Amino acid sequence: MIATFEQVQMVEKAEELAKMIWQSELAEDYHRCLYNVHQDKEAQELIRAFQHMKDRYEEVQRFGKYHPDYRKVTLETRELKRKVDLHETIHAFKQAEEAIQKTLDEISVMIGHSVSVNVKVPTGNPFFDSLSSCGGGCGSGGGCGCKAS
């Protein structure tokens, strides 16, 4: 496939947009918060503990309430998840991540809808997905009638 001048221009504009996003305050905040999470020993311990607990939880979920440790593991998982979510450094990172994701979703919807309102833009955000005619993109089994394979 030979790229046309127009396609090259679009790619260049996309690269400019990516650079603008990379240099934005949102991206700086995101990277600072990510760095802080990686440097915070307590946060790293909580994340490792939660990963281990998630593995236990998934094992217990295979058997459901019939697993002997079902209630214990489910309760411990919820308690640890709450502890992780309330940890100051992790909470700040999640807020920064959500802020930049929201901006990226808005940009994706704007670009997609500039072509056509029928263009499916996967955002992972129900608000934006409801703006598209399918409500989740093809393959989601959404309102447009497409079915997941």
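Of note, Thr89 is situated in helix α5 (residues 88-115). Here Thr89 falls in the buried class, since its relative accessible area comes to 18%. Excluding residues that lie within four positions of it along the chain, Thr89 makes contacts with Asn36, Val37 and Asp40.

Residues separated by three or four positions in an α-helix point in the same direction, a consequence of the helix having 3.6 residues per turn. Its 17 residues place the ends of helix α4 (residues 70-86) 24 Å apart at the C-alpha level, agreeing with the 24 Å of an ideal helix rising 1.5 Å per residue. The complete set of buried residues in α4 reads Val73, Thr74, Thr77, Leu80 and Val84. What you see down the axis of α4 is that its buried residues fit within an arc of 135°, all on one side. Of the exposed residues in α4, the ones pointing more than 90 degrees away from its buried face are Arg71, Arg78, Arg82, Lys83 and Leu86. Buried residues belonging to α4 abut α3 (41-63) and α5.

For the protein, the average pLDDT comes to 86, and 83% of its residues sit at 70 or higher. Taking the mean pLDDT of every element in the protein, the minimum, 60, falls on helix α6 (residues 126-129) and the maximum, 98, on helix α2 (residues 25-39). A low-confidence stretch, residues 132-149 stays under pLDDT 50, and its non-local contacts, those more than four residues away or across chains, total 28 contacts.

Attention shifts here to the pattern of salt bridges. If you walk through the whole model with that rule in mind, you get six salt bridges. The residue Asp29 makes a salt bridge to Arg32 at a minimum N-O spacing of 2.4 Å. Note that Asp29 and Arg32 are positioned in helix α2 at a spacing of three residues, about one turn of the helix. Using a relative accessible area of 25% as the deciding quantity, one classes Asp29 as partly exposed. Arg32 gets classed as partly exposed once you look at its relative accessible area, which sits at 46%. Salt-bridge contacts for Asp85 lead to Lys81; the nearest nitrogen and oxygen are separated by 2.9 Å. On the criterion of helical spacing, the pair formed by Asp85 and Lys81 is a turn pair, its members being four residues apart in helix α4. For Asp85, a relative accessible area of 25% gives the class partly exposed.

Rules of the game
The written sequence of each chain sets the order in which its residues are numbered from 1. With pLDDT at 70 or above as the cut-off, local features in this predicted model cover only qualifying residues; side-chain atom pairs require 80 or more to be listed or tallied, and sums for whole chains, interfaces and linings still use all residues. The basis for the side-chain values is all heavy atoms of the structure; hydrogens and waters are excluded. The helix count covers DSSP runs of H or I at least four residues long, the strand count covers runs of E at least two residues long, and both are numbered beginning at the N terminus. Three labels apply to residues, based on accessible area from a 1.4 Å probe with only protein chains included: buried if under 20% of the type maximum, exposed if over 50%, partly exposed otherwise in between. In this analysis, two residues are considered to be in contact whenever any of their non-hydrogen atoms come within 4.5 Å of each other. Helices are assigned an expected span. That span is 1.5 Å times one less than the residue count. This arc is built from the directions going out from the helix axis to the C-beta atoms. Each residue carries a pLDDT score, the predictor's own confidence in it, on a scale running from 0 to 100. Salt bridge, as applied in this entry: a Lys or Arg side-chain nitrogen positioned within 4 Å of an Asp or Glu carboxyl oxygen.

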